[in-house]
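Listed here are the chains, written in short residue letters.
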Amino acid sequence: EADVAQKIHVLSSYFIITEKFPELRPQAFELCRELVQVHPDDARAHSIYGDFLFREEQYHEALEQYESAVAKDKSRFTVWNQLLLTLNELDDAAMLNAKSTEAAEIFPQQPVLYLYKGLSFMQLKKYDDAVDALKAGLMITVENEALTVQFLASLGDSYHRLGRYDESDEAYESALKSDPDNAYVLNNYAYYLSI
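Summary of the structure given here. In this text, all values refer to a predicted model and were calculated from it rather than measured experimentally.

Rules used throughout
- Residues numbered from 1 in each chain as written.
- Predicted model: local features only at pLDDT ≥ 70, side-chain atom pairs only at ≥ 80, totals over all residues.
- Heavy atoms only, no water.
- Core = buried A, V, L, I, M, F, W, Y, C linked by side-chain atoms within 4.5 Å.
- Buried < 20%, exposed > 50% of the residue type's maximum accessible area, 1.4 Å probe, protein only.
- Contact = heavy atoms within 4.5 Å.
- Axes fitted to C-alpha atoms, helices over the stretch in contact; angles between N-to-C directions.
- Helix = DSSP H or I, 4+ residues; strand = E, 2+ residues; numbered from the N terminus.
- Parallel < 35°, antiparallel > 145°, perpendicular 65-115°, else oblique.
- Left-handed = near helix turned anticlockwise from the far one by under 90°.
- Nonpolar A, V, L, I, M, F, W, Y, C, P; charged D, E, K, R; others polar.
- Phe/Tyr/Trp six-rings, centres within 6.5 Å; stacked < 30°, edge-to-face > 60°.
- Salt bridge = Lys/Arg side-chain N within 4 Å of Asp/Glu carboxyl O.
- Expected span 1.5 Å × (residues − 1).
- Polar contact = N/O pair within 3.5 Å; in protein donor to acceptor, adjacent residues only side chain to side chain.

In this section: the nonpolar core. Formed by 48 residues in total, the largest nonpolar core has its most connected members in L11, L35, F52, L83, L84 and L113. Setting aside chain neighbours within four positions, we find L35 in contact with V4, K7, I8, L11, A45 and I48. V149, A175, V185 and Y189 belong to the second largest nonpolar core, which has nine residues in total.

Right under this line is the structure:
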């Protein structure tokens, strides 16, 4: 009889509690299933169920819940981010590309969406498109050094694939200025220099 907001509040506390007491996870999952049965049109219900599933690495099931959530309410960036993270875990480049493109149209000032878009283009071997997406995201990244380094590293990879070696080297050098010990950048840059 409680309203959906109260139920979600309870489940949010369960999310934290079940980290410490995993024996309560079956009960939490039962509550999640009941929540989406009783409130099938509430995006928040599907979203929190997706969070529980994602934590348990049940990515296909989590994806279903996140897709239900964004179908019912497209305005919540955090749900889109979880959906894209799930698609990335599932290694579904085509769907990641489609959903990150859709999300970037709704939230054009969220740089991480362009990173997902760029990574999906890279996986699809569309390196020119990857460069465009990554540059667009890098331009709006502010005061987030870790994200900046991810953009630059991915640009370095994409430029290299396109045979634009000077631009690739420049992207890696810029990444290393921000994070001189970044193992991914050091490894790729050194490898590409060696060949």
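To continue, consider the packing of helix α6 (residues 93-106) against helix α7 (residues 111-123). For any two helices packed against each other, one specifies the crossing angle of their axes together with the interaxial distance. For the pair α6 and α7, interaxial distance at closest approach is 8 Å and the crossing angle is 150 degrees. It follows that α6 is roughly antiparallel to α7 by the angle criterion. For α6 against α7, the interelement crossing comes out left-handed. In contact with A93, L96, N97, S100, T101, A103 and A104 of α6, α7 contributes L113, Y114, Y116, K117, S120, F121 and Q123. Its residues placed into classes, the contact of α6 with α7 shows eight nonpolar, five polar and one charged.

The next subject is the packing of aromatic side chains. According to the stated counting rule, one finds eight aromatic pairs in the structure shown. Note on F29 and Y49: the rings are 6.4 Å apart at their centroids and 70 degrees apart in plane angle, and the pair reads as edge-to-face. Placement of the pair is F29 in helix α2 (residues 25-38) and Y49 in helix α3 (residues 43-55), with a sequence separation of 20 residues. Relative accessible area serves as the criterion here: at 11%, F29 is assigned to the buried category.

Enumeration over the complete set of coordinates arrives at eight salt bridges. A salt bridge links E30 to R33; its shortest N-O distance comes to 3.2 Å. You can see E30 and its partner R33 sitting in helix α2, three residues apart, about one turn around the helix. The partly exposed category is assigned to E30, whose relative accessible area is 35%. Overall, the relative accessible area of 35% leaves R33 in the partly exposed class. With a closest N to O distance of 2.7 Å, E167 and R164 form a salt bridge. By relative accessible area, E167 is classed as partly exposed at 32%. Overlapping salt bridges bring together E19, R25, R55 and E56 as one network.

We now examine the packing of helix α5 (residues 77-89) against α6. Contact geometry for α5 and α6: axes closest at 9 Å, N-to-C directions at 165 degrees. Looking at the two axes, α5 sits roughly antiparallel to α6. α6 is crossed by α5, and the crossing has left-handed handedness. Here α5 contributes W80, L83, L84, L87 and N88 to the contact with α6, which in turn contributes M95, L96, K99, S100, E102, A103 and I106. For the contact of α5 with α6, the residue count by class is eight nonpolar, two polar and two charged.

To continue, consider unusual backbone geometry. A positive phi angle, close to 60 degrees, is found at D91, a residue other than glycine. Positive phi, close to 60 degrees, is recorded for K125, a residue that is not glycine. By the secondary structure assignment, K125 is in the loop between α7 and α8 (127-139).

Here we take up α7. The end-to-end C-alpha separation of α7 is 19 Å, in line with the 18 Å expected for 13 residues at 1.5 Å each. Downstream of α7 by one or two residues, K125 has phi in the positive range, about 60 degrees.

You can see N97 is positioned in helix α6. Of the residues examined, N97 reaches a relative accessible area of 14% and is grouped as buried. In terms of polar contacts, N97 uses its side chain to reach the side chain of S120, at 3.0 Å. Residues in contact with N97, not counting those within four places in the same chain, are K117, S120, F121 and L124.

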